[in-house]
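Tertiary structure, described
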Amino acid sequence: MPAYKRILLKLSGEALMGDDAYGINRATIVRMVREVQEVTALGVEVAVVIGGGNIFRGVAGGSVGMDRATADYMGMLATVMNALALADTMRVEGMVARVMSAISIEQVVEPYIRPKALQYLEEGKIVIFAAGTGNPFFTTDTAAALRGAEIGAEIVLKATKVDGVYTADPNKDPLATRYARVSFDEAISKNLQVLDATAFALCRDQKLPIKVFSIFKPGALKRVVMGEDEGTLVHV
């Protein structure tokens, strides 16, 4: 039996690059979609928030000296491109996904409307939230915390390149150990970088647990959903 009925999965744009310098790696996106498919087959309702770093990084040099709000809007548009790629890959794999954007681009994707998102989830469709919160100065981490709280997700799953939160950088310190569980207060006192500060505060206020795990580890998402010891759980 899955440990959660409804989850919010936060994917970074960089995760879609695979080993490429930027853009979307086809094999990587297919593998990720199949990991999500394993979870939906268990009856778990899945919503996804996607970042845009894989696309925006490619043009970030041009944003030097640019107005921060303008650069943030460019980043939001990059997430819409990723969301479309993700939804289409899901379609090819026989899944039904709906993209909902916080910025109105009605010819391309439907706008984010909370009751409709909830309806889609109840129907077993995957909902992909694009364009972050729709506001500059907020990260897609914050969008994940916000949408997670709005749709009544039981947990926010932050998919990263590392299989959890460690006592130190595991790439630099061979003695670094992974936390299986850590409280919000502990994470603050130990200055553990789980989510950005705004997103972290929102999850803590809403008593919404966070699980940090590696999306590159085969079967990790399913193990997380089944409540196994995978990644790091940040709890109240």
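It should be noted that the structure appears before, not after, this text.
Described in the following lines is the structure provided in the data block. Remember, it's a predicted structure, so these values are computed and weren't measured experimentally.

1. Structural notes on the sheet that holds strand β8 (residues 210-214)
- With respect to topology, nine strands assemble into an open sheet ordered β4-β3-β5-β2-β1-β6-β8-β9-β7, the strand pairing being mixed. Strands with a single pairing partner mark the edges of an open sheet, and in this sheet they are β4 (110-111) and β7 (181-183).

2. What to know about the layout of surface pockets
- If you add up the space inside the largest pocket, you get close to 420 Å³.
- Around the largest pocket, the lining comprises 25 residues; the ones closest to its centre are Gly-52, Gly-75, Phe-138, Thr-139 and Thr-140.
- Elements with a minimum of two residues in the lining of the largest pocket: α2 (53-59), α3 (68-92) and α5 (140-150).
- Among the elements that take part in the lining of the largest pocket, α3 stands out by supplying six residues, more than any other.
- When its volume is computed, the second largest pocket comes out at roughly 300 Å³.
- Every residue lining the second largest pocket is counted, 17 residues in all, and those nearest its centre are Gly-164, Val-165, Gln-193, Val-194 and Val-212.
- Each residue belonging to the lining of the second largest pocket can be placed in one class, and the counts come to nine nonpolar, four polar and four charged.

3. What about the side chain of Thr-89?
- For Thr-89, the position within the fold is in helix α3.
- With a relative accessible area of 1%, Thr-89 lands in the buried category.
- A distance of 3.4 Å separates a polar atom in the side chain of Thr-89 from a polar atom in the side chain of Arg-26.
- Within polar-contact distance, the side chain of Thr-89 engages the backbone oxygen of Ala-85 at 2.7 Å.
- Those residues in contact with Thr-89 that sit more than four places away from it in its chain are Arg-26, Ile-29, Val-30 and Val-33.

4. Structural notes on the pairing of strand β2 (residues 45-50)
- Among the six residues that make up β2, six are buried, leaving the element largely enclosed by the rest of the structure.
- Side chains Glu-45, Ala-47 and Val-49 project from β2 onto one buried face, and the interleaved Val-46, Val-48 and Ile-50 project onto a second face that is buried too.
- Examined bridge by bridge, strand β1 (residues 6-11) and β2 share six bridges and lie parallel to one another. What sits directly across from Lys-10, in β2, is Val-49.
- For the crossover from β1 across helix α1 (residues 26-40) to β2, the handedness is right-handed.

5. Quick look at the packing of α5 against helix α7 (residues 197-205)
- With their axes 7 Å apart at the nearest point, α5 and α7 run at an angle of 15° to one another. Compared by their axis directions, α5 and α7 come out roughly parallel. Judged by the sense of rotation from one axis to the other, the crossing of α5 with α7 is left-handed. Taken together, the residues of α7 that come into contact with α5 (itself represented by Asp-141, Thr-142, Ala-145 and Leu-146) are Thr-198, Ala-199, Leu-202 and Cys-203.
- Classifying every residue of the contact of α5 with α7 by side-chain character gives five nonpolar, two polar and one charged.

6. Description of the packing of α1 against α3
- Closest axis-to-axis distance for the α1/α3 pair is 10 Å, and the angle between their directions is 65°. The orientation of α1 relative to α3 falls into the category roughly perpendicular. At the point where α1 passes α3, the crossing takes the right-handed sense. Residue-level contacts link Arg-26, Ile-29, Val-30, Val-33 and Val-36 of α1 to Ala-85, Leu-86, Thr-89 and Met-90 of α3.

7. Topic: unusual backbone geometry
- Backbone geometry places Ala-131, a non-glycine residue, at a positive phi of 70°.
- Tracing the sequence through the fold places Ala-131 in the loop between β5 (126-130) and α5.
- The phi angle at Lys-207 is positive, at roughly 55°, despite the residue not being glycine.
- Topologically, Lys-207 is positioned in the loop between α7 and β8.

The rules behind these values
Residues numbered from 1 in each chain as written. Predicted model: local features only at pLDDT ≥ 70, side-chain atom pairs only at ≥ 80, totals over all residues. Heavy atoms only, no water. Pairing = 2+ DSSP bridges. Helix = DSSP H or I, 4+ residues; strand = E, 2+ residues; numbered from the N terminus. 1 Å grid on protein atoms, 1.4 Å probe; cavity = no way out; pocket = protein on both sides within 12 Å on 5 of 7 lines; lining within 4 Å. Points joined across faces, edges and corners; volume = space filled by probe spheres on them. Nonpolar A, V, L, I, M, F, W, Y, C, P; charged D, E, K, R; others polar. Buried < 20%, exposed > 50% of the residue type's maximum accessible area, 1.4 Å probe, protein only. Polar contact = N/O pair within 3.5 Å; in protein donor to acceptor, adjacent residues only side chain to side chain. Contact = heavy atoms within 4.5 Å. Right-handed = clockwise from strand over helix to strand, strands pointing away. Axes fitted to C-alpha atoms, helices over the stretch in contact; angles between N-to-C directions. Parallel < 35°, antiparallel > 145°, perpendicular 65-115°, else oblique. Left-handed = near helix turned anticlockwise from the far one by under 90°.

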